[in-house]
Amino acid sequence: MYCCRLESAWYGKFKVSCHFCAVEGRYMLKHYHPELPKHVIMKGEATQFEDFIRYIEEKHYDTHWRAPYHAFCHPCTIQYNYIAKLETFNRDADYIVKKHLKGRIGDTNMNSHRQTERSPNFGRELKFFRNLTSEQLDFLAERHKDDFDMFGYAFDRSSYMATCNDPSGESDCC
């Protein structure tokens, strides 16, 4: 789900590795928090998730958080054989391998590595979203509405939960 991806991109790029702090982090701090001491701004490490969403609202994009999906993977114009989701990766990969490589390689039951089966409405709390303004949440909801619909996701603003709306009851999302 894109919301999970945004949270992960911010955390991985600005909090863990700080690879993007050099340019993007400094930009955010300089423009959104000019009151901070210069040495803090120069490190770019104090960026908050809310700053990151504001940065995206201003149309600063990178392949790590580019969106919506349909804007760059073109699922409606390119005839893909499969579109797999990370949430259902084991099941998807098992199906594809069995369908196309049956008899060519050994046991391909990738599902044997799955820890537990999740219910179709399994959700993930998006804790960083709690500090976003209503306007930011509206921006994200509108921007990614087509992706949510296309891939069967929902975001409950009251609980900050991302869930999957798989009508088949077979998916384990987020």
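Everything discussed here concerns the structure shown above.
Residues numbered from 1 in each chain as written. Predicted model: local features only at pLDDT ≥ 70, side-chain atom pairs only at ≥ 80, totals over all residues. Heavy atoms only, no water.

**So, the overall build of the protein chain**
Step number 1: Secondary structure summary: the protein chain contains 7 helices and 3 strands in total.
Step number 2: Along the protein chain, helices (α) and strands (β) appear in the sequence α-α-α-α-α-β-α-α-β-β when read from the amino end.
Step number 3: Here the protein chain holds 174 residues, and 36% of them are scored as buried.
Step number 4: Expressed as a percentage of contacts within the protein chain between residues at least 6 apart in sequence, the contacts between residues at least 24 apart total 62%.
Step number 5: Surface accessibility of the protein chain: about 10,600 Å² in total, with carbon and sulfur atoms responsible for 52%. (Helix = DSSP H or I, 4+ residues; strand = E, 2+ residues; numbered from the N terminus. Buried < 20%, exposed > 50% of the residue type's maximum accessible area, 1.4 Å probe, protein only. Contact = heavy atoms within 4.5 Å. Areas by Shrake-Rupley, 256 points an atom, 1.4 Å probe, with all protein chains shown as cover.)

**Brief notes about the packing of helix 4 (residues 49-57) against helix 6 (residues 134-143)**
Step number 1: Two numbers describe how helix 4 lies on helix 6: the axes approach to 11 Å, and their chain directions differ by 55 degrees. Judged on the interaxial angle alone, helix 6 and helix 4 are oblique. Crossing hand, helix 4 versus helix 6: left-handed. Across from Glu50, Ile53, Arg54, Ile56 and Glu57 in helix 4, the residues of helix 6 making contact are Glu135, Gln136, Phe139 and Leu140.
Step number 2: Residue classes in the contact of helix 4 with helix 6 are distributed as 4 nonpolar, 1 polar and 4 charged. (Axes fitted to C-alpha atoms, helices over the stretch in contact; angles between N-to-C directions. Parallel < 35°, antiparallel > 145°, perpendicular 65-115°, else oblique. Left-handed = near helix turned anticlockwise from the far one by under 90°. Nonpolar A, V, L, I, M, F, W, Y, C, P; charged D, E, K, R; others polar.)

**A closer look at the pattern of salt bridges**
Step number 1: By the definition in use, this model includes 1 salt bridge.
Step number 2: Between Lys98 and Asp94 there is a salt bridge, with the nearest N and O atoms lying 3.4 Å from each other. Placement of both Lys98 and Asp94 in helix 5 (residues 89-101) is noted, with a separation of 4 residues, approximately one turn of the helix. (Salt bridge = Lys/Arg side-chain N within 4 Å of Asp/Glu carboxyl O.)

**Some thoughts on unusual backbone geometry**
Note: most residues except glycine have negative phi, and most peptide bonds are trans.
Step number 1: The phi torsion at Lys59 lies on the positive side, around 75 degrees, for a residue other than glycine.
Step number 2: Within the secondary structure layout, Lys59 lies in the loop between helix 4 and helix 5.

**Considerations on the packing of aromatic side chains**
Step number 1: Under the defined criterion, the tally for this structure stands at 10 aromatic pairs.
Step number 2: Centre to centre, the rings of Trp10 and Phe128 are 4.8 Å apart; their planes meet at 70 degrees, and the pair counts as edge-to-face. With Trp10 in helix 1 (residues 2-16) and Phe128 in the loop between strand 1 (123-125) and helix 6, this residue pair connects regions lying 118 residues apart in the sequence.
Step number 3: Residue classification places Trp10 among the buried positions, given a relative accessible area of 4%.
Step number 4: Taking 6.4 Å as the distance between ring centres and 85 degrees as the angle between the ring planes, the aromatic pair formed by Tyr27 and Tyr32 counts as edge-to-face.
Step number 5: Assessed through its relative accessible area of 9%, Tyr32 is described here as buried.
Step number 6: Within the aromatic cluster, the residues linked to one another by ring pairs are Trp10, Tyr11, Phe14, Phe49, Phe52, Phe128 and Phe129. (Phe/Tyr/Trp six-rings, centres within 6.5 Å; stacked < 30°, edge-to-face > 60°.)

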